[in-house]
Amino acid sequence: MPTDSALQALAILRDAGQFKWYVITLLLVVIYVYAVELEKKNYRAVFAGLAFWGMDWFNEIWNALVFHFTNYAAVWMAPGNTAYLILIGLNIEISMMFAIMGVAATKLLPEDKNARVLGIPNRFFYAVVLSAACVAVEVILNAAGVLVWEYPWWNAGMPILIFLIGYLPFFLVAYWVYDMDSMRKQALTAGAILSFDAVLLVIFAGILGWI
């Protein structure tokens, strides 16, 4: 039996009647962020951003599958007001935020990838700090009731899994792609992550019909 929060999310899931015009502005912001990096020929930031976005899509897909197979609740859900709820835990606003975050995260990195911050390799340092910051934001969103957690092992009292699964891999993969020694490798890696997501969506949405 679905939880009340799951039922609230299902009531607006992929409901075009929820559309708000600010989505167009958000889309333009995403386009602008990537256009600026392309103008500067900062392709590594572009591919790092796409890899980060693809990592989030993978998480959102398995999260939706948790609800599909349990018929109880997803690990996280977004039943609050939105312009469009894509998956049970992913609205259009969240997706656009993640599309930008990976690019923004590269702006903190020193050019010397071997430099250390407080004695810690800088890529790992910033991945940990940014992941912790994101978890803190999620705790606030949960307290506001717009991001709902139903499982005892994924909540404000047990944030380690949110940190380890929900964010740290995103930043580590984005920085890994950013530091690759050729644009071809960056493009192939980001493309592989997004392609894998697309295959999962086709399999689970098309064949199993859960979308």
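Conventions adopted
Residues numbered from 1 in each chain as written. Predicted model: local features only at pLDDT ≥ 70, side-chain atom pairs only at ≥ 80, totals over all residues. Heavy atoms only, no water. Patch = residues over 30% accessible without salt bridge, like charges linked within 9 Å, V, L, I, M, F, W, Y side chains within 5 Å. Areas by Shrake-Rupley, 256 points an atom, 1.4 Å probe, with all protein chains shown as cover. Salt bridge = Lys/Arg side-chain N within 4 Å of Asp/Glu carboxyl O. Helix = DSSP H or I, 4+ residues; strand = E, 2+ residues; numbered from the N terminus. Buried < 20%, exposed > 50% of the residue type's maximum accessible area, 1.4 Å probe, protein only. Phe/Tyr/Trp six-rings, centres within 6.5 Å; stacked < 30°, edge-to-face > 60°.

Another point: a nonpolar patch on the surface. Taken together, the side chains of Trp153, Met158, Ile160, Leu164 and Ile165 present a nonpolar region at the surface, about 430 Å² in accessible area. Locating Ile160 in the fold gives a position in helix α6 (residues 160-178). Residue classification places Ile160 among the partly exposed positions, given a relative accessible area of 43%.

It is worth spelling out the pattern of salt bridges at this point. A full pass over the atoms with the stated rule returns 5 salt bridges. Its salt-bridge partner being Lys40, residue Glu37 comes within 3.8 Å of it at the nearest N-O pair. On the accessibility criterion, Glu37 (4% relative accessible area) is buried. Beyond isolated ion pairs, a larger network of salt bridges with shared partners links Glu37, Lys40 and Lys107.

All chains considered together, the criterion is met by 14 aromatic pairs. Considering the side-chain rings of Phe125 and Tyr126, the 5.2 Å spacing of their centres and the 85° angle between planes classify their relative orientation as edge-to-face. For Phe125, a relative accessible area of 17% corresponds to the buried category. When the centroid spacing of 5.0 Å and the interplanar angle of 25° are considered together, the rings of Tyr151 and Trp153 count as stacked. Here Tyr151 falls in the buried class, since its relative accessible area comes to 13%. Cluster of aromatic residues (ring-pair linked, three or more members): Phe52, Phe98, Tyr167, Phe170 and Phe171.

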